[in-house]
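Structural overview
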Amino acid sequence: MNILSLEFVVFVLATVIVYYIVPLKIRWCVLLAASGVFYGFAGWQGSLWLVLTAALSYGSSIWQHNLLLKERAAAAAEEAGAETASSAPAEADKKVCASRKIKIYRKLLLAASIILPLGAMAFSKYFDAIRALFTSSPGLAIIVPLGLSYFTFQCVGYMIDIYRGKAEPARNPLKFLLFASFFPQMTQGPIAQYTQLMPQLEEGHRFDPDNFTAGVQIALWGLFKKMIIADNLAAVNSAVSTNNRGWFILLSVIIYLIRLYCDFSGGMDVIRGAAKMLGIDMAENFRRPFFSFSVAEYWRRWHISLGNWFRNYVFYTITTSGFGIWLAKAGKKLFGKKAGRYFPATISTIVIFFLIGIWHVANLNAVLYGLYFGLTMGIELLLEPAFKKLKKKFRVNEKNVFWKAFTLVRTWILVLLAQYFAITATPKEAFGLLGATFRNWSFANGWAQFTDITYAIVWKVAGLAVVVLIIVDIICERKPDINMKLARAPFYVRWPVLIFLILAIVIFGCYGADYDATAFLYTHF
Amino acid sequence: MKNENYTPEKCTDTENITAGAASEVTGNKPEKPKKTREERRKRRFWLRLAGFIAAMLIILTYALFVLTPKYIYGICSMYNYYSVPAGTVDVLAVGTSLTYTNLNTNILWNEYGIACYDLATAEQPFWSTYAYLKEALRVQKPKLVLLDIKAMTYLDDKVDRTRTVLCSYGILNPITRLQTIYECVEPEDFISFALGFPQVHTNYYKIKTSDFDVPPKYGNRGSSWKGYVEKDETAAHDTPNINFEFKTPNYVNEHEMEFFEKILQLCIDNDVEVILIGYPNADYKHDHLYYCKAFEIAEQYGITGINYNLPENRPPIDYQTECADWQHLNISGSVKFTRDLGEDLKEMYDLEDHRGDPAFASYDECAKLWFDRYPGYKTPLY
């Protein structure tokens, strides 16, 4: 079921009605049933995969938690034993061994329980791509279940949280299944944390008009971004080539980035809106990334839940491990005391972005895309002490408008460079397009470049919508809770906004005959 | 029992409960618990939501009207039909483009005083005709229906022309409109056509200021227009040869047959006389077998008709100069044909001459407008 379809609208409204009609205690059952129906539309194979992953996570987390309790008990006994160690050293050694053994068991259990789902995910996503490197024979064409990455990452994150003792394991397997399969997040995420989402799912909510209105508003805004901006701009990407003029290639890359943002964040807003109508706050996945003053900030604002997941479960794992400590020592030797401190973080960042790159798609461009961001941020980290010195020396005021404008443009340029790898299929094409950007900057008959691709009116509509987007994003940047304020505003303020959004979507949105509603850039992850 | 210290601001759920309980003890009629602020807020929300939905429906209906192409045939003739004064349509002609191009309502009025309205769409299948007729009979009570049988030759089960389906948007009765759409399109396209926007929203860049006019301008034919759409061009054709050896076609579309019979039954049920009309067209040789089949079925209902393509019925049309294209007559051809039809109708049915009747003034106005544009066809009879 596509989240842009009429079926989805009807499905969400039906779920909302049933959700608020049934008693508070069993409202989570409505969510589970709705998730089952939603996922059922995607095929039984995917549902089976999801249930197996959830069952594995549920079982292993209970086992893990029991082991953790045993380890804690053993550790407590060790502490007590240590005090009497002088009287019976052999007995104390035995107890120390017991707690260490449990820790090793726990590690092995965690490794086994996360390798299985992650391995299955990697196999389904990358097997055909890797095979294609060596042979031209057709691959296995494995059916990748809907939202595979999202539910796998959620389950793996949950198991790591249990391992770390940061969360209590779910006691009710059906409730855990709901956490793993909550329908709004199945198409595009976000990757929710168990401690953040689960309490909201099992709580059950009373109907709140403000929440409902805010949910409708977010969803409409999402549709505006996706159907009017992203889809109207879609034609430009297939048209761009090295034969185009330099300025047009650059503009196409900018348009691609805007389109990507509107496509992904638009879909996310529809999802968040649907959840908000049910009283559930889903993690924000985009926080106006184009207002970032550094690449690192850009990635803290872009696909936030993915970044958080990698930071929580990969970055910290690397930096706090024995390998991380070794890296710190090596860094200090190589770059000196100050810069060396950042070395483990630098290496972890590069690793994370390499993984994020291949998570997007299994090809060389994705690897380069990830490594580019990893290296950019890694270098930024390593050079931070030097930058601080320079800023101090030249008395740079970071609150100065010109400095802010400079850093903003710098971030834009760095981010845009990466898009050359996203917009093309091979590194050769990417570098070719990058080179062509600096050639032939003739503006003669420039408008024809656009009208050759699609109607002038489509460009005008998309352009106006982008202006609306910029204005709204500026307002949201200054007042992040504008949505809730609008939901509580008098109807004569709210209605015109809603009517404008609905009419704009209905008239200028891309849908209907010949429109491929499944063409989300960020599905099938 | 009223609490004298009660103030609305201080009212809480607990107070309401205690007030109720106290009245139970004293035996007085229990007071209805006062609504809490939260309940009032929710009530206000539902009222506003209902108001918003109503407002949005009105806005969207108008937006759909603006975006829908105002084809002069079909959609416009249906819109306009609603504005014809009640009880002023004696003859209703329904069917395909052959109806609205060949049957010149102005000639019928001018020369015979017959009040006729052309309610037809290009390539209209019988299931659409059925819906149009159903809606038309709801609004007016004509004495006679002229049923164009061209649709009997259509072999496709569904209409793959968006234009034909969109014409049904002129039907104001939502149920009839949905039934028409349901019959016209494949099931997977039904929602899209029923909502309308998925089909017409991309027309936003073609919108003209005239698209905002309610009712539409009907191609500057005025609101008294009676559905006739002239074709002012000429294409030379030969008089069609007909093979009279065969009378039954190899295949007839069952769906068309079903609705053809439904139309006949609908007229019988509504006590309206119906006759089949075979409009003259240059391409008739391909249609003959189907027309025969239609007459054969109609006979079972005791219904007859006139096929103007048969040599004995042919109007004095010069196919070399009085055809607009391979199917339709041009103005001159339509005038000649309509005169023939008028004669036949006068002879066969007791149709009143309404000329000079103030209730039928719209026909005068329509004819005047048309003859002002085409004065060469005006006869001294008027």
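Owing to the predicted nature of the structure, the values given are computational and were not obtained by experimental measurement. (Residues numbered from 1 in each chain as written. Chains lettered and ligands numbered in written order. Predicted model: local features only at pLDDT ≥ 70, side-chain atom pairs only at ≥ 80, totals over all residues.)

1. Quick notes on the overall build of chain A
- Looking only at helices and strands, chain A has 22 helices and zero strands in total.
- Projected onto the principal axes, the alpha-carbon positions of chain A cover approximately 95 × 65 × 60 Å.
- Restricting the contact set of chain A to residue pairs at least 6 apart, pairs at least 24 apart contribute 75%. (Helix = DSSP H or I, 4+ residues; strand = E, 2+ residues; numbered from the N terminus. Contact = placed C-beta atoms within 7 Å.)

2. Concerning the confidence of the model for chain B
Residues and elements named next belong to chain B.
- Of the residues in chain B, 88% reach a pLDDT of 70 or more, and the chain-wide mean stands at 85.
- Mean pLDDT across the elements of chain B ranges from a minimum in helix α1 (residues 13–26), with 46, to a maximum in strand β3 (residues 144–148), with 96.
- Both confidence scores are given for the complex: pTM 0.83, ipTM 0.81. (pLDDT = per-residue confidence, 0-100.)

3. Structural notes on unusual backbone geometry
- Note the cis peptide between B:Val214 and B:Pro215, where omega equals -10°.
- Relative to the helices and strands, B:Pro215 resides in the loop between α10 (197–200) and α11 (254–269).
- Phi at A:Arg395 takes a positive value of approximately 50°, unusual for a residue other than glycine.
- As for its position among the elements, A:Arg395 is in the loop between α16 (384–393) and α17 (401–423).
- Judged by the 6 C-beta atoms lying within 10 Å of it, A:Arg395 falls in the exposed class.
- Although it is not a glycine, B:Glu123 sits at a positive phi angle of roughly 50°. (Buried ≥ 20, exposed ≤ 12 C-beta atoms within 10 Å, placed from the backbone.)

4. Quick word on the interface of chain B and chain A
- On the chain A side, the residues contacting the 17 residues of chain B number 15 residues.
- Within the residue set of the side of chain B that touches chain A, elements represented by two or more residues are α2 (37–67), α9 (190–195) and α10 of chain B.
- Looking at the side of chain B that touches chain A element by element, the count peaks at nine residues for α2(B).
- Residues belonging to the side of chain B that touches chain A are distributed by class as follows: eleven nonpolar, three polar and three charged. (Nonpolar A, V, L, I, M, F, W, Y, C, P; charged D, E, K, R; others polar.)

5. Concerning the sheet that holds strand β2 (residues 116–120) of chain B
All names here are of chain B.
- Spatially, five strands are ordered β2-β1-β3-β4-β5 in an open sheet, and the strand pairing comes out parallel. With one partner strand each, in any of the chains shown, β2 and β5 (305–307) form the two edges of the open sheet. Ignoring which end each strand starts from, the neighbouring axes of this sheet average 20° apart.
- With five bridges connecting them, β3 and strand β4 (residues 273–278) associate as parallel partners. Bridge pairing in β4 links Asp148 to Ile277.
- Strands β4 and β5 of the sheet are contacted by helix α12 (residues 288–300), whose axis makes an angle of about 165° with β4. (Pairing = 2+ DSSP bridges. Axes fitted to C-alpha atoms, helices over the stretch in contact; angles between N-to-C directions.)

6. With respect to the domain arrangement of chain A
Residue and element names in this part refer to chain A.
- Here the domain parsing of chain A yields domain 1 (6–207), domain 2 (209–286 + 443–525) and domain 3 (292–423).
- Taken over C-alpha atoms, the centre of domain 2 sits 28 Å from the centre of domain 3.
- Facing ten residues of domain 2, the contacting portion of domain 3 comprises ten residues.
- Here the side of domain 2 that touches domain 3 gets four residues from one element, more than from any other, and that element is helix α10 (residues 246–277). (Domains from an automatic or database assignment.)

7. Notes on the packing of helix α1 (residues 6–21) of chain A against helix α2 (residues 27–40) of chain A
All names here are of chain A.
- Contact geometry for α1 and α2: axes closest at 9 Å, N-to-C directions at 160°. With respect to α2, the element α1 is oriented roughly antiparallel. Note that α1 runs across α2; the crossing there is right-handed. Contact residues: α1 offers Phe11, Thr15, Val18 and Tyr19, while α2 offers Arg27, Val30, Leu31, Ala34 and Phe38.
- Of the residues contributing to the contact of α1 with α2, the split by class is seven nonpolar, one polar and one charged. (Parallel < 35°, antiparallel > 145°, perpendicular 65-115°, else oblique. Left-handed = near helix turned anticlockwise from the far one by under 90°.)

8. Some details on the nonpolar core
- Ranked by size, the top nonpolar core spans 122 residues in total, and within it A:Leu31, A:Met159, A:Phe179, A:Leu201 and A:Ile228 carry the most contacts.
- For this core, the leading source of residues is α10(A), giving 14 residues.
- Residues B:Tyr132, B:Val185, B:Leu264 and B:Tyr363 belong to the second largest nonpolar core, which totals 83 residues. (Core = buried A, V, L, I, M, F, W, Y, C linked by C-beta atoms within 7 Å.)

9. Quick look at the pairing of β4(B)
Residue and element names in this part refer to chain B.
- In the sheet, β4 pairs with β5 via three bridges, with the strands oriented parallel. Across the sheet, residue Ile277 finds its bridge partner in β5, namely Ile306.
- Between the parallel pair β4 and β5, the chain is carried across by α12, and the sense of this crossover is right-handed. (Right-handed = clockwise from strand over helix to strand, strands pointing away.)

10. Re the environment of A:Arg27
- Along the chain, the position of A:Arg27 falls in helix α2.
- Other than its neighbours up to four places away in sequence, A:Arg27 contacts A:Tyr19, A:Val22 and A:Gly204.

11. Topic: the packing of helix α8 (residues 209–233) of chain A against α10(A)
All names here are of chain A.
- Their axes nearest at 7 Å, the elements α8 and α10 cross at an angle of 155°. Our classification of the angle between α8 and α10 gives roughly antiparallel. In this structure, the crossing between α8 and α10 has a hand that is left-handed.
- Here the contact of α8 with α10 is built from residues that sort into 17 nonpolar, seven polar and seven charged.

12. A closer look at the confidence of the model for chain A
- Per-residue confidence for chain A averages 87 on the pLDDT scale, and 94% of its residues sit at or above 70.
- No element of chain A has a lower mean pLDDT than helix α9 (residues 235–239) of chain A, which averages 78, and none a higher one than helix α22 (residues 491–508) of chain A, which averages 94.

13. Comments concerning helix α14 (residues 343–360) of chain A
- For α14(A), which comprises 18 residues, the first-to-last C-alpha distance of 26 Å matches the rise-based estimate of 26 Å (1.5 Å per residue) to within 8%.
- The buried count for α14(A) comes to 13 of 18 residues, which makes it a mostly enclosed element. (Expected span 1.5 Å × (residues − 1).)

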